[in-house]
Amino acid sequence: MIPYGEPGPLTEMERFVFDSVGYLIIPDALSQDETAAAREACDRVHEGLPTDQWRQLGATFEREPALERIVDHPSILPKARALFGDKFILQSSWATVVPPGFTGGGIHQDGSSAFEFRNLATPTPLVQLRTGFVLTDQSAPGAGNMVLLPGSHNTGHPLPSGATIMDFPTAHMVTASPGAALMFHQGVYHCGSGNTRDYPRHMFHTIYAPPWLNHTDRMTTSPGFLERTTPMRRALMGAWTHDTESFHMSPLPFDD
Ligand SMILES: O=C(O)CCC(=O)C(=O)O
């Protein structure tokens with residue numbers, strides 16, 4: 001059972017599967033050229049930093065055009081629109097590197113440790129629509145693959161104490177080729193797994209959310225970026241001012 005989807009608008013089947021499983025895997029969300037350019041961009045943003053550390057860097061789209069193109073990529077944007085409507089923002093983005101020798105991350109839901117989204121209601125509502133774009137080969141285990149617990153966004157039960165992700169009979173280690181996208185609900189328990197390859201694993205994560213959620217990858221969006229980018233990307237940054245629009249964000253400028 002693999003919840004595959006296709007790039008572009010959210011089909012009725014994808015909506016049902018996303019709601020019940022909590023994620024979709026979308027092969028070929030990026031073209032080969034887009035993937036190669038994004039991979040090179042990720043190499044650049046991590047260049048000069050320690051090579052033996054797991055690390056995620058925020059707001060890298062401001063300085064890397066290949067990553068900027070991904071923040072409103074047509075493979076995912078229409079799906080986000082179907083789930084959130086016409087008013088949502090790019091709440092954060094992360095260029096995440098997993099070094100060779102990394103043994104795996106801890107199982108978690110995403111959101112805010114200051115106020116866990118699961119405290120809002122059970123099932124936990126969709127607050128962050130997260131998409132990890134696969135930039136290095138993860139077509140077999142051992143490549144820093146993401147592992148998810150399908151449907152776990154629907155439970156209010158705490159995790160069994162001491163359990164690691166592969167203790168769960170339902171654990172799904174995602175295998176995917178470069179260019180694939182893993183689109184997931186923040187409430188799905190997941191983690192990154194170990195990297196036994198001799199090269200770093202790269203993913204670029206985008207996080208869409210309602211306009212009232214604080215950014216976590218940046219305090220403010222760079223004014224230079226806002227000036228030069230497209231109207232859609234500018235609007236997605238949620239860069240409106242309190243005195244003008246407050247939370248009454250204008251709809252995103254979709255073509256239709
Ligand atoms: O990219 C990864 O390996 C981990 C990402 C993750 O766990 C997250 O986005 O919360």
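Data block above holds the structure.
Only a predicted model underlies this, so the values are computations on that prediction, with no experimental measurement involved.

J.: If you had to explain the nonpolar core to someone new, which residues and values would you point to?
T.: Tyr23, Ala38, Phe133, Leu182, Met183 and Phe204 are the most contacted members of the largest nonpolar core, which totals 59 residues. When residues of this core are assigned to their parent elements, the largest contribution, six residues, is made by strand 3 (residues 89-98). When sequence neighbours within four positions are dropped, the list of residues in contact with Leu182 reads Tyr23, Ile25, Thr131, Gly132, Met146, Val174 and Ala176.

J.: Explain helix 2 (residues 32-46) residue by residue, including any values.
T.: The terminal C-alpha atoms of helix 2, which comprises 15 residues, lie 21 Å apart, in line with the 21 Å expected from a rise of 1.5 Å per residue. Structurally, helix 2 contributes buried residues whose contacts are with strand 2 (55-58), helix 3 (65-68), strand 3, strand 4 (129-134) and strand 9 (201-209). Among the residues trailing helix 2, Gly48 stands out with phi positive, at a value near 85 degrees.

J.: Which residues make up helix 4 (residues 77-84), and what values go with them?
T.: Within helix 4, burial applies to Leu77, Lys79 and Ala80. Along the long axis of helix 4, the arc covered by the buried residues comes to 160 degrees, so they all point the same way. For helix 4, the elements touching its buried residues are strand 4, strand 7 (181-185) and strand 9. Among the residues trailing helix 4, Gly85 stands out with phi positive, at a value near 90 degrees.

J.: So what's going on with the site of the ligand? Residues and values would help.
T.: Looking at the ligand, the residues that line it are Thr96, Val98, Gly105, Asp110, Gly132, His190, Cys191, Gly192, Met203 and His205. The set of elements that each furnish at least two residues to the shell around the ligand consists of strand 3, strand 8 (190-192) and strand 9. Considering each element in turn, the shell around the ligand owes the most residues, three residues, to strand 8. Grouping the amino acids of the shell around the ligand by side-chain chemistry returns three nonpolar, six polar and one charged.

J.: I'd love a proper account of the pairing of strand 9, names of residues and values included.
T.: Within strand 9, nine of the nine residues are buried, which leaves the element mostly enclosed by the surrounding structure. Side chains Arg201, Met203, His205, Ile207 and Ala209 project from strand 9 onto one buried face, and the interleaved His202, Phe204, Thr206 and Tyr208 project onto a second face that is buried too. Bridge analysis of strand 3 against strand 9 gives nine bridges, and the strand direction is antiparallel. Within strand 9, the residue paired with Trp94 across the bridge is His205. As judged from the six bridges shared by strand 4 and strand 9, these two strands associate in the antiparallel manner. In the sheet register, Leu129 faces strand 9, and the bridge partner there is Tyr208.

J.: Give a description of the environment of Leu83 that names residues and reports values.
T.: Its location among the elements puts Leu83 in helix 4. The spacing of Leu83 and Arg15 is 68 residues in sequence and 8.4 Å in space, taken between C-alpha atoms. Not counting residues up to four positions away in its chain, the partners in contact with Leu83 are Leu10, Leu126 and Leu129.

J.: Break down the sheet that holds strand 1 (residues 23-26) for me, citing the residues and quoting the values.
T.: Taken in spatial order, the six strands line up as 1-7-4-9-3-2 in an open sheet, and their pairing is antiparallel. Either end of the sheet is taken by a strand with one partner, and the two such strands are strand 1 and strand 2. Each neighbouring strand pair of the sheet contributes to a mean axis angle of 20 degrees, computed without reference to strand direction. Its contacts with the sheet place helix 4 against strand 4, strand 7 and strand 9, and it is angled at close to 165 degrees to strand 4.

J.: I'd like a rundown of the environment of Met203, residues and numbers included.
T.: Looking at the secondary structure, you find Met203 in strand 9. Accessibility expressed as a C-beta count within 10 Å gives 25 for Met203, which makes it buried.

J.: Could you give an account of the sheet that holds strand 8, with specific residues and numbers?
T.: Within the open sheet, the three strands sit side by side as 6-5-8. Their pairing is antiparallel. A strand with exactly one partner marks an edge of an open sheet, and here the two such strands are strand 6 (172-173) and strand 8. Alignment of strand 5 (residues 146-148) against strand 8, held across three bridges, turns out to be antiparallel. Opposite Leu148, over in strand 8, you have His190 as the bridge partner.

Parameters at a glance
Residues numbered from 1 in each chain as written. Predicted model: local features only at pLDDT ≥ 70, side-chain atom pairs only at ≥ 80, totals over all residues. Core = buried A, V, L, I, M, F, W, Y, C linked by C-beta atoms within 7 Å. Buried ≥ 20, exposed ≤ 12 C-beta atoms within 10 Å, placed from the backbone. Helix = DSSP H or I, 4+ residues; strand = E, 2+ residues; numbered from the N terminus. Contact = placed C-beta atoms within 7 Å. Expected span 1.5 Å × (residues − 1). Arc of directions from axis to C-beta. Near = placed C-beta within 6 Å. Nonpolar A, V, L, I, M, F, W, Y, C, P; charged D, E, K, R; others polar. Pairing = 2+ DSSP bridges. Axes fitted to C-alpha atoms, helices over the stretch in contact; angles between N-to-C directions.

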